[in-house]
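# Per-entry structural report
Take a look at the letters that make up each chain.
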Amino acid sequence: MTVGVTRDNITIVLQRPRYPENIGSAARAMCNMGFSRLIVVEPDIWDEARIRRLATHAAASVVDTAQRFDSLVKALAPFGHVVGTTARLGGLRPVIKSPEFLARNLISISKINPVALLFGPEDRGLTNDDLKHCHQLVNIPTVDFTSLNLAQAVMVVCYCLSTAGRTSLPAHTPRLAKRIELDQMYEELTASLVQIGYINPENPDYWMARIRRFFSRLSLRAGETSIIRGVCRQIHRYGDKRYTDGLENGGNTHA
């Protein structure tokens with residue numbers, strides 16, 4: 001029996017789309033490929049009449065159930081796996097997958113984990129700050145001209161997901177840590193690494209970028225983030241104790 005992506009666990013997330021028509025066209029593309037979950041974050045304009053005109057009656061239910069958020073962090077909080085789309089390569093975006101590879105990879109992940117596919121604004125795409133929330137990146141190969149219409153990009157990725165399939169799955173698919181659990185872990189990890197002097201407190205995000213990429217490749221489970229947070233709390237407790245002991249010994253922390 002061929003097993004494919006679990007569509008009910010896939011959500012398309014549009015980050016700051018500029019035009020209502022593109023939201024509608026993206027909804028229509030989703031409907032064409034059998035996907036129904038849509039989130040729109042900070043749209044420049046939310047004009048439902050213009051959205052529905054391009055969605056057509058076929059995708060009206062996608063528009064009806066679409067969720068809107070005023071923050072990407074809030075929108076991604078419940079997801080166990082986040083995939084960002086990017087046309088730009090290199091720099092801070094080294095780990096790039098093809099849509100076909102992504103689709104095969106998501107078959108097992110989407111079995112029990114909610115997955116977000118994140119698309120950026122039409123004019124500039126996702127920022128590096130947006131991409132720090134992603135576990136992996138996908139790039140749609142093009143020739144000469146790299147820019148795709150938002151709905152075109154959604155269609156290509158959804159098509160690859162809808163046609164991907166394999167005859168067997170791993171015996172066990174773990175429940176991955178949700179985005180909110182990862183964000184809490186990164187906050188505590190950043191504070192701990194600053195406390196022990198491993199990263200520069202003047203620009204912690206720069207130093208944390210590589211650490212985030214490292215952990216993103218590991219597909220952390222909820223229990224594993226708890227272990228890391230526990231280690232961070234112990235670092236804080238030890239640091240606070242050393243500070244208190246130093247005050248009690250006249251400022252000599254080595255006593």
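Right, let's walk through the structure included here. (Residues numbered from 1 in each chain as written. Predicted model: local features only at pLDDT ≥ 70, side-chain atom pairs only at ≥ 80, totals over all residues. Heavy atoms only, no water.)

This paragraph deals with unusual backbone geometry. Located in the positive-phi region is Arg16, a residue other than glycine, with phi close to 50°. Looking at the secondary structure, you find Arg16 in the loop between β1 (10–15) and α1 (20–32). Even without being glycine, Thr56 reaches a positive phi, approximately 65°. Secondary-structure assignment places Thr56 in the loop between α2 (48–55) and α3 (60–64). Among the residues examined, Thr56 registers a relative accessible area of 26% and is labelled partly exposed. (Helix = DSSP H or I, 4+ residues; strand = E, 2+ residues; numbered from the N terminus. Buried < 20%, exposed > 50% of the residue type's maximum accessible area, 1.4 Å probe, protein only.)

Right, let's talk about the packing of α1 against helix α7 (residues 150–163) for a bit. Direction vectors running N to C along α1 and α7 enclose 15°, while the axes themselves pass 8 Å from each other. By the angle between their axes, α1 is roughly parallel relative to α7. Seen from above, α1 lies across α7 with right-handed handedness. Residues Asn22, Ser25, Ala26, Ala29, Met30 and Asn32 of α1 touch α7, and the partners they reach there are Leu150, Ala151, Val154, Met155 and Cys158. Looking at the contact of α1 with α7 residue by residue, the classes come out as eight nonpolar, three polar and no charged. (Axes fitted to C-alpha atoms, helices over the stretch in contact; angles between N-to-C directions. Parallel < 35°, antiparallel > 145°, perpendicular 65-115°, else oblique. Left-handed = near helix turned anticlockwise from the far one by under 90°. Contact = heavy atoms within 4.5 Å. Nonpolar A, V, L, I, M, F, W, Y, C, P; charged D, E, K, R; others polar.)

With that out of the way, let us pick up the pairing of strand β4 (residues 81–85). A regular strand places its side chains on the two faces of the sheet in alternate fashion. Of all five residues making up β4, five are buried, and the element is well covered by its neighbours. Burial of β4 is two-sided: the residues His81, Val83 and Thr85 facing one way and the residues Val82 and Gly84 facing the other way are all buried. Relative to strand β6 (residues 115–119), β4 runs parallel, the two sharing four bridges. When the sheet's bridge partners are listed, Val83 is paired in β6 with Leu117. (Pairing = 2+ DSSP bridges.)

Attention shifts here to the side chain of Ser110. Structurally, Ser110 is set in the loop between α5 (99–109) and β6. Reaching out from Ser110, the side chain makes a polar contact with the backbone oxygen of Ile107 at a distance of 3.4 Å. Non-local contacts of Ser110, meaning those with residues more than four positions away in its chain, are made with Val5, Thr6, Asn9, Ile10 and Val115. (Polar contact = N/O pair within 3.5 Å; in protein donor to acceptor, adjacent residues only side chain to side chain.)

With that out of the way, let us pick up α7. For an α-helix, the turn length of 3.6 residues means that residues three or four places apart are oriented alike. Helix length check: α7 (14 residues) gives 20 Å between terminal C-alpha atoms against 20 Å at 1.5 Å per residue, within 8%. Burial in α7 covers these residues: Leu150, Ala151, Ala153, Val154, Val157, Cys158, Cys160 and Leu161. On its buried face, α7 sits against β1, α1, α5 and β6. Its side-chain oxygen placed 2.8 Å from the backbone nitrogen of Ala151, Asn149 serves as the N-cap of α7. (Expected span 1.5 Å × (residues − 1).)

Looking now at α2. Between the side-chain oxygen of the N-cap and the backbone nitrogen of Ala49 there are 3.2 Å, and the N-cap of α2 in question is Asp47. Remark: Thr56 follows α2 within two positions and exhibits a positive phi of approximately 65°.

The subject of this paragraph is the pairing of β1. β1 sits mainly inside the fold: six of its six residues count as buried. Across the two faces of β1 the burial is the same, with Ile10, Ile12 and Leu14 and Thr11, Val13 and Gln15 all buried. Pairing between β1 and β6: five bridges, direction parallel. Each residue of the ladder has a partner; that of Thr11, found in β6, is Ala116. Pairing of β1 with strand β2 (residues 37–41) involves five bridges; the strand directions are parallel.

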